[in-house]
Amino acid sequence: MKPKHVPAAAGAPDPYFPTSGDHRYRVHRYELALDYQPGPNRLAGSARLSAVADAALAEFALDLAEFRISRVLVDGRAARYTHRGGKLRIRPAKALAPGAAFTVEVHYTGNPRPVRSPWGGLGWEELTEGALVASQPVGAPSWFPCNDRPADKATYQIAITTASPFTVVASGRLLTRTTKASSTTWVYEQSAPTPTYLVTVSIGHYRPVPLAVRPAVPQTGYVPERLTAAFARDFARQPEMAAYFGEVFGPYPFGEYAVVVADEELDVPVEAQGVATFGTNHLGGGWERERLIAHELAHQWFGNSVTIADWRHIWLNEGFAKYAEWLWSEHAGGPGAAVHAAAAHRLLAGLPQDLRLGDPSRKLMFDDRLYQRGGLVVHALRRVLGDDAFFAMLRDWTSANRHGVVSTDDLRAHAARYTTAPLGPLFEAWLERPELPPLPD
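Below: a short report on this structure. The structure displayed is predicted, hence computed values, not measured ones. (Residues numbered from 1 in each chain as written. Predicted model: local features only at pLDDT ≥ 70, side-chain atom pairs only at ≥ 80, totals over all residues. Heavy atoms only, no water.)

Topic: the overall build of the protein
How we decide: Segments assigned H or I by DSSP are reported as helices when at least four residues long, segments assigned E as strands when at least two residues long, and all are numbered from the N terminus. Radius of gyration means the value over C-alpha atoms here, while the globule rule gives 2.2 Å times the residue count to the 0.38 power. Each residue gets one of three labels from its accessible area relative to the maximum for its type: buried under 20%, exposed over 50%, partly exposed in between, using a 1.4 Å probe on protein chains only. Whether two residues touch is decided by their heavy atoms; if any such pair falls within 4.5 Å, the residues are in contact. What sets the accessible areas is the Shrake-Rupley method with a 1.4 Å probe; for residues, cover comes only from the shown protein chains. When charges are counted, Lys and Arg contribute as positive and Asp and Glu as negative, whereas His and the chain ends are disregarded. Think of each charge as sitting on NZ of Lys, CZ of Arg, CG of Asp or CD of Glu.
Check the secondary structure of the protein and you find 9 helices and 22 strands. Against the compact-globule benchmark of 22 Å for 441 residues, the protein has a radius of gyration of 22 Å, which places it among compact chains. Summarising its shape, the C-alpha atoms of the protein cover approximately 65 × 55 × 40 Å along the three principal directions. Burial statistics for the protein: of 441 residues in total, 58% are counted as buried. If you take every contact in the protein between residues at least 6 apart in sequence, the share linking residues at least 24 apart comes to 69%. Of the roughly 17900 Å² that the protein leaves accessible, carbon and sulfur atoms contribute 52%. Of the charged side chains in the protein, 45 are positive and 46 negative, and the gap between their average positions amounts to 6 Å.

Listed below in structure tokens is the structure:
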């Protein structure tokens, strides 16, 4: 199925991050060749972007953090550029016409570090031994030049050379691994359209742990040696979880799924395209950890394959992933989704009523209340539609928008096809008003 067309709203600056990205062109492929030295945290890279101009471009911009740039080419010709404030502004030798396909090549070196944000550092993070990438929402420029907008999805080839004792895990399928002397080059191909914030790399001393002998989707853990037994125990039900989500959400949208357990404690697990990264503190079993496994897996459908047009719509990612936790509990013999919904409603009733879910503001876009209220919207839809129509709606949503870009209005229109009841009041109450509506019967 072809990806859904990007809605018109995606062709404008992101209202929460208006300086991120350049909406006047689209990238359809990135080819990254990186050499990383973990000891000194030194990165040397070249990035080749294949793009299409949506407007006449005498100049255009890429997002890139504080690296030293040695060369910039547009269509193979040297281009003039300036680089300050996280923006690489490029003036090609010849202006680009609307609809023109073009390539950009950037060569750069430096010490990658996280991009500062209200939520702490985002992007490339140096570990005690190795590194990891967690870019949501605007951390991708910490390690490669990009058009950092969620709606601008592209395919990727990522080649990373590093010291041979390290394992490299990146978004996509491993094509080749070549060792020369003391270094190894790992080449990954991500053929599914991917937003910049969902491209990831993990470099560390990891042992691969297959999660099932013959899973429908290859699932592998990359785990520090001493934690392999704990990982195998705690993630033993993930293949069953993936099979169940495949039934209720539709087929898994990518070719593989990798789980990395970084040899560090992390605040929260982080989803990326075909990869989820957990910390050592996320092992140990119990529902609180199992729900995180379900949440990150569900993001492969909701957020990764079906991607938001801009960050105002983040509840579409987090609300469906939260509801996936409740569905898994229901399926696995734990409390049903209605029990979890009632608990979430009680929790929210005692908290401030100042979150407007459909446009939460940049300040509140990662507020815990957004996750809970997002799950409640999905539960309210299930109650109104009934189970048969609700699950048909879910499967059709992920199928029609597979590898595409969506907005809240798209979901409103989609859900309306599965009932004769008016859904306007439901969406108005849950998405547009900050006051908490009653829990639906």
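Back to the text.
Some points on the packing of helix H8 (residues 408-416) against helix H9 (residues 424-432)
What counts is decided by this rule: Fitted lines through C-alpha atoms serve as axes, helices being fitted only where they are in contact, and the angles separating the N-to-C directions of these axes extend from 0 to 180 degrees. We call two directions roughly parallel when the angle between them is under 35 degrees, roughly antiparallel when it is over 145, roughly perpendicular when it lies between 65 and 115, and oblique otherwise. Handedness of a helix crossing follows the sense of rotation of the near helix relative to the far helix, less than a right angle counterclockwise being left-handed and clockwise being right-handed. Under this grouping Gly is polar, as are all residues other than the nonpolar Ala, Val, Leu, Ile, Met, Phe, Trp, Tyr, Cys and Pro and the charged Asp, Glu, Lys and Arg.
Contact geometry of H8 with H9 gives a least axis separation of 11 Å together with a crossing angle of 155 degrees. Judged on the interaxial angle alone, H9 and H8 are roughly antiparallel. Handedness of the H8/H9 crossing: right-handed. Contact residues: H8 offers Thr408, Arg412 and Ala415, while H9 offers Phe427, Leu431 and Glu432. In terms of residue class, the contact of H8 with H9 is built from 3 nonpolar, 1 polar and 2 charged.

Examining the packing of helix H6 (residues 368-385) against helix H7 (residues 387-400)
How two helices pack is summed up by the angle between their axes together with the distance between the axes. Two elements in contact, H6 and H7, have axes whose closest approach is 6 Å; the angle formed by their N-to-C orientations is 130 degrees. One finds that H6 runs oblique with respect to H7. Every pair of crossing elements has a handedness; the one defined by H6 and H7 is right-handed. Of the residues in H7, those in contact with Val378, Leu381, Arg382 and Leu385 of H6 are Asp387, Ala389, Phe390, Phe391 and Met393. Classifying every residue of the contact of H6 with H7 by side-chain character gives 7 nonpolar, no polar and 2 charged.

Here we look at the sheet that holds strand E11 (residues 154-163)
Sheet strands associate in pairs through backbone hydrogen bonding, adopting either a parallel or an antiparallel arrangement. Our working rule: At least two bridges found by DSSP between two strands is the condition for calling them paired.
Taken in spatial order, the 8 strands line up as E5-E4-E8-E2-E1-E11-E14-E13 in an open sheet, and their pairing is mixed. Each of the sheet's edge strands pairs with one partner strand only, and the pair in question is strand E5 (77-78) and strand E13 (173-180). Across 10 bridges, the pairing between strand E2 (residues 42-53) and strand E8 (residues 101-110) is antiparallel. Residue pairing in the sheet places leucine 49 in a bridge with valine 104 of E8.

Focus: empty space enclosed by the protein
For the record, the criterion: The rule is simple: put a 1 Å grid over the protein atoms alone, call a set of points where a 1.4 Å probe fits but cannot get out a cavity, call an open set with protein on both sides within 12 Å along at least five of seven lines a pocket, and count a residue as lining if it has an atom within 4 Å of a point. Grid points are joined across faces, edges and corners, and a volume is the space filled by probe spheres set on the points.
Under the definition given, this model contains 5 cavities of 30 Å³ or more. What lines the largest cavity is Leu348, Pro352, Gln353, Asp354, Leu355, Arg369, Arg373, Pro434 and Leu436. When its residues are assigned to classes, the lining of the largest cavity shows 5 nonpolar, 1 polar and 3 charged.

Examining the environment of tyrosine 418
Defined as follows: Polar contact criterion, stated in full: a pair of N or O atoms within 3.5 Å, where within protein one must be able to donate a hydrogen and the other to accept it, and residues adjacent in sequence count only if both atoms are side-chain atoms.
In this fold, tyrosine 418 is placed in the loop between H8 and H9. It is 35 Å that separates the C-alpha atoms of tyrosine 418 and phenylalanine 235, two residues lying 183 residues apart in sequence. Each residue touching tyrosine 418, except ones within four places of it in the same chain, is listed here: Leu385, Ala389, Ala392, Met393 and Asp396. Here aspartate 396 takes part through its side chain, which lies 2.6 Å from a polar atom of the side chain of tyrosine 418.

Describing the sheet that holds strand E10 (residues 130-134)
Strand order in the open sheet made by the 4 strands is E9-E10-E15-E12, with antiparallel pairing throughout. Because the sheet does not close on itself, it has two edges, and the strands there are strand E9 (123-127) and strand E12 (167-170). Within this sheet the neighbouring strands show an average axis-to-axis angle of 20 degrees, counted without direction. Of the pairings in the sheet, the one linking E12 to strand E15 (residues 201-204) comprises 4 bridges and is antiparallel in character. Bridging across to E15, threonine 167 finds its partner in glycine 204.

Let's talk about the pairing of strand E14 (residues 183-194)
Bridging between E11 and E14 involves 9 bridges; their strand directions are antiparallel. Residue pairing across strands places threonine 162 opposite threonine 184, the latter belonging to E14. Sheet analysis places E13 next to E14, joined by 7 bridges and oriented antiparallel. Pairing of arginine 173 across the sheet is with glutamate 189, part of E14.

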